[in-house]
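Structural characterization, general
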Amino acid sequence: MTDLQKKQILNMRKNGDGYKAIASALGLTRDTVRNFCKKNDMTGYGKVSAMNTDEKISGGKICANCCKPIEQSNKGRQKRFCSEKCRREWWKLHPEKINKKDTALYHLKCVYCGRDFVSYGNKNRKYCCHNCYIHDRFWKKEESIE
């Protein structure tokens, strides 16, 4: 079983899918999926397992990305991920969960091309993109000659 298949099993199990549905979707045997789920403490009916997994994630017992157990320390904030790698992967897959404030959106005009653009969190931005910055900073003389 590959790492990709393991991640797919964990995700499908979190969504409440049963062993047979997962096995047919991934081209594995039902017993292989069941044994993997048993090893990772995701046994039982699919819907119940999904609810248990959600409770464990919200309680900080398992990683929100890979479902590995997390050891919580007595100090500081409760951990949500087992590693920095898992944290980055999860946020890459869930950009809609980022809390963006409307007060941090700035409507600006590009100095080079004159296009309107929106900047989040930086009201001092001058350019809409990197290309405009490069053209304005380094190619100004060459473009004005032509």
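Residues numbered from 1 in each chain as written. Predicted model: local features only at pLDDT ≥ 70, side-chain atom pairs only at ≥ 80, totals over all residues. Heavy atoms only, no water.

Another point: the packing of helix α2 (residues 19-26) against helix α3 (residues 30-39). As a packed pair, α2 and α3 sit with axes 8 Å apart at the nearest point and diverge in direction by 120 degrees. Handedness of the α2/α3 crossing: right-handed. The segment α2 lies against α3, with Tyr19, Lys20, Ile22 and Ala23 engaging Arg30, Val33, Arg34 and Cys37. Taken together, the residues of the contact of α2 with α3 break down into 5 nonpolar, no polar and 3 charged. (Axes fitted to C-alpha atoms, helices over the stretch in contact; angles between N-to-C directions. Helix = DSSP H or I, 4+ residues; strand = E, 2+ residues; numbered from the N terminus. Left-handed = near helix turned anticlockwise from the far one by under 90°. Contact = heavy atoms within 4.5 Å. Nonpolar A, V, L, I, M, F, W, Y, C, P; charged D, E, K, R; others polar.)

A few words now on the environment of Cys132. Relative to the helices and strands, Cys132 is located in helix α6 (residues 130-138). Relative accessible area serves as the criterion here: at 5%, Cys132 is assigned to the buried category. Taking the C-alpha atoms as reference points, Cys132 and Cys113, 19 residues apart in sequence, are found 6.9 Å from one another. Sequence-distant contacts of Cys132, that is, excluding residues within four places in its chain, are made with Cys110, Tyr112, Cys113, Arg115 and Tyr127. (Buried < 20%, exposed > 50% of the residue type's maximum accessible area, 1.4 Å probe, protein only.)

With that out of the way, let us pick up the packing of aromatic side chains. Counted by the stated rule, this structure contains 4 aromatic pairs. Taking 4.9 Å as the distance between ring centres and 90 degrees as the angle between the ring planes, the aromatic pair formed by Trp90 and Trp91 counts as edge-to-face. According to the relative accessible area criterion, Trp90 is buried, its value standing at 8%. Accessibility expressed as a relative area gives 28% for Trp91, which makes it partly exposed. Seen from their ring centres, Tyr133 and Phe138 are 6.5 Å apart, and the 85 degrees between their planes marks the pair as edge-to-face. One aromatic cluster in this structure is built from Phe81, Trp90 and Trp91. The side chain of Arg80 reaches across the aromatic face of Trp90, ending 4.4 Å from its centre. A cation sits over an aromatic face here: Lys100 above Tyr120, 5.1 Å from the ring centre. (Phe/Tyr/Trp six-rings, centres within 6.5 Å; stacked < 30°, edge-to-face > 60°. Lys NZ or Arg CZ within 6 Å of the ring centre and 35° of its normal.)

Attention now moves to the layout of surface pockets. The computed volume of the largest pocket comes to approximately 680 Å³. In terms of lining residues, the largest pocket is bounded by 24 residues, among which Lys7, Leu10, Lys14, Asn65 and Cys66 are the most central. At the level of secondary structure, the elements contributing two or more residues to the lining of the largest pocket comprise α1 (3-14), α3 and α5 (84-93). Residue contributions to the lining of the largest pocket peak at 6 residues, all from α1. Among the residues forming the lining of the largest pocket, the class breakdown is 9 nonpolar, 5 polar and 10 charged. (1 Å grid on protein atoms, 1.4 Å probe; cavity = no way out; pocket = protein on both sides within 12 Å on 5 of 7 lines; lining within 4 Å. Points joined across faces, edges and corners; volume = space filled by probe spheres on them.)

We now examine a nonpolar patch on the surface. Judged by side-chain polarity, Leu105, Val118 and Tyr120 come together as a nonpolar surface patch covering roughly 250 Å² of accessible area. Structurally, Val118 can be placed in strand β2 (residues 116-120). The class of Val118 is partly exposed, set by a relative accessible area of 46%. (Patch = residues over 30% accessible without salt bridge, like charges linked within 9 Å, V, L, I, M, F, W, Y side chains within 5 Å. Areas by Shrake-Rupley, 256 points an atom, 1.4 Å probe, with all protein chains shown as cover. Salt bridge = Lys/Arg side-chain N within 4 Å of Asp/Glu carboxyl O.)

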